[in-house]
Protein chains: 2
Amino acid sequence: MSEGVEWALHTCLNLSWAEPGEAVSAARLAAFYRLPAAYLNKQMQALARAGIVSSTPGPRGGFRLARAPEDITLLDVVTAIEGPEEAFRCAGILREGPGGEPDVDYREVCVISQSMRKAELSWRRELAGQTLAGIRATVERRHPHTPGNTRNRFANVKI
Amino acid sequence: MSEGVEWALHTCLNLSWAEPGEAVSAARLAAFYRLPAAYLNKQMQALARAGIVSSTPGPRGGFRLARAPEDITLLDVVTAIEGPEEAFRCAGILREGPGGEPDVDYREVCVISQSMRKAELSWRRELAGQTLAGIRATVERRHPHTPGNTRNRFANVKI
DNA sequence: GCACATATACTCGGATACATGATGTCCGAGTAGTCGTGG
DNA sequence: CCACGACTACTCGGACATCATGTATCCGAGTATATGTGC
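Residues numbered from 1 in each chain as written. Chains lettered and ligands numbered in written order. Predicted model: local features only at pLDDT ≥ 70, side-chain atom pairs only at ≥ 80, totals over all residues. Heavy atoms only, no water.

1. Things to note about helix H6 (residues 111–128) of chain B
Heads up, the condition is: Each helix corresponds to a stretch of at least 4 residues labelled H or I by DSSP, and each strand to a stretch of at least 2 residues labelled E; elements are numbered beginning at the N terminus. Multiply 1.5 Å by the residue count of a helix minus one, and that product is the helix's expected span. Accessibility here uses a 1.4 Å probe with only protein chains present; expressed as a share of the type maximum, an area under 20% marks a residue as buried, one over 50% as exposed, and anything in between as partly exposed.
Between its terminal C-alpha atoms H6(B) stretches 25 Å, which fits the 26 Å expected from 18 residues at 1.5 Å a residue. Among all positions in H6(B), only B:Val111, B:Ile112, B:Ser113, B:Ser115, B:Met116, B:Ala119, B:Glu120, B:Ser122, B:Trp123, B:Arg124 and B:Leu127 are buried.

Right, here's the structure in full:
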């Protein structure tokens, strides 16, 4: 899995702690973890295309969450970065085997494909059940000063 | 996910239908689906290192299942090909953030890492619950002539 | 006819190229704020 | 003093390199079979 997923998840979480209505530039978001700003910007574009964050150009511009954290699931972020295709994509090699029919959709027929898809659906269901709000609540319970620290860092970090 | 996983799964299934004690060469296994033989051979080496198949060189040599199909899970095959690392590997970017401790194992502390791992464990559990024998039984129920067809193809295919 | 040594053909195994996609970088289009100027 | 216009600095967005990994290929080491030969 792409490393951008980890960056995107942490960045969305940090954005949820930003001042309401405040946009945070990719440079500040990247400075948080010493990430390459231009590349993080690229990942943020994917999040923007997926409707997870909204972007505003110009001074005082940057990114902010486009929806409430309750409406952003881990699956949303993963799908935005990794793409909608499933990890195990059955190429339908049975079509090349004996008795292979060119017109059959082997993703539906192939038992192996079904089994792999079942596992992948379980994974997706688990991710879809976790919202950004839930993650945030857990972090705040364990580390109560995190929201203040984050806002502070956004305000004071040198670019 | 690597395409070799699909090849390995189908190939193991086909091997389970081979004559008992018979070894099938990589060339014959690849001809089944018109796959590049040398590359499939490479994947089979990974399965052999994982103890899923055993290999014998020389004429009448090839691969055969090293264990009973009941003892081979989908997770075994996937792990043999893809490696044991989890898909979402938390690089511990929190360590670079404010208050990051160099010695902390952030895979245990980071809430995001925990959530992603929980989903991945669900995926692995699902895969570990499916054995090659189960897959084979389902296929035989739906397509009763598959075992005979497979043995026939192994015997008659031209290399 | 039988046993043995030899030659042969076939197999895996790892070392070696190639292609694709992830990773990283750069510059241009556009906007908000700022400064200067004129009324 | 106020309004307006130009300018500047800052931001995203996409186009352009670079690199790691998956994909594909080839040749050598080793073995079971077949063959030929001597007894």
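2. Observations concerning the relation of the copies chain B and chain A
Just so we agree on the cut-off: In superposing the copies, a least-squares fit is computed on C-alpha atoms, taking residues whose pLDDT is at least 70 in both. Residues count as neighbours in contact if any of their non-hydrogen atoms are within 4.5 Å of one another.
The two copies are related by a screw motion: chain B maps onto chain A through a turn of 180 degrees and a shift of 0.0 Å along the axis, at an RMSD of 0.1 Å. Taken together, the rotation and translation relating the two chain copies correspond to the operation of a two-fold axis. No C-alpha of chain B lies nearer the rotation axis than that of B:Trp123, which sits 2.5 Å from it. Same-surface contact between copies: 100% of interface residues of chain B are shared with the interface of chain A.

3. Side note on the protein's contact with DNA strand C
How we decide: Put simply, a residue is near a molecule or strand once any heavy atom of it comes within 4 Å of that molecule or strand. For this analysis, a polar contact is any N or O atom pair within 3.5 Å, provided that within protein one partner can donate a hydrogen and the other can accept it, and provided that sequence-adjacent residues contribute only side-chain to side-chain pairs.
Around DNA strand C, the surrounding shell holds 19 residues, and the nearest of these are A:Ser2, B:Ala26, B:Ser55, B:Gly58 and B:Phe63. In DNA strand C, atoms within 4 Å of the protein come 60% from sugar and phosphate. In the model, a phosphate oxygen of DNA strand C is placed 3.3 Å from a nitrogen or oxygen of the A:Tyr39 side chain. A distance of 3.3 Å separates a phosphate oxygen of DNA strand C from a polar side-chain atom of B:Arg49. Only helix H1 (3–15) and helix H3 (37–49) of chain A together with helix H3 (37–49), strand S1 (53–56) and strand S2 (62–65) of chain B provide two or more residues apiece to the surface near DNA strand C. The greatest single-element share of the surface near DNA strand C, amounting to three residues, is contributed by H3(B).

4. What about the interface of chain B and chain A?
What counts here: Put simply, buried area is how much 1.4 Å-probe accessible surface two parts lose in total, over both of them, once they are put together. Note on definitions: salt bridges are taken to be side-chain nitrogens of Lys or Arg within 4 Å of carboxyl oxygens of Asp or Glu. Residues are sorted three ways: Asp, Glu, Lys and Arg are charged, Ala, Val, Leu, Ile, Met, Phe, Trp, Tyr, Cys and Pro are nonpolar, and all the rest, Gly among them, are polar.
In this assembly, 45 residues from chain B lie in contact with 45 residues from chain A. Surface buried jointly by chain B and chain A totals about 4100 Å² across both partners, of which 68% is contributed by carbon and sulfur atoms. In this structure, the connection of chain B to chain A is made through two salt bridges. The closest approach of N and O atoms between B:Lys118 and A:Glu126, which form a salt bridge, is 3.3 Å. Applying the counting rule to chain B against chain A returns nine residue pairs in polar contact (both at pLDDT 80 or more). Within the residue set of the side of chain B that touches chain A, elements represented by two or more residues are helix H1 (3–16), helix H4 (74–82), H6 and helix H7 (132–142) of chain B. With twelve residues, H6(B) is the largest single contributor of residues to the side of chain B that touches chain A. Its residues assigned to classes, the side of chain B that touches chain A shows 26 nonpolar, nine polar and ten charged.

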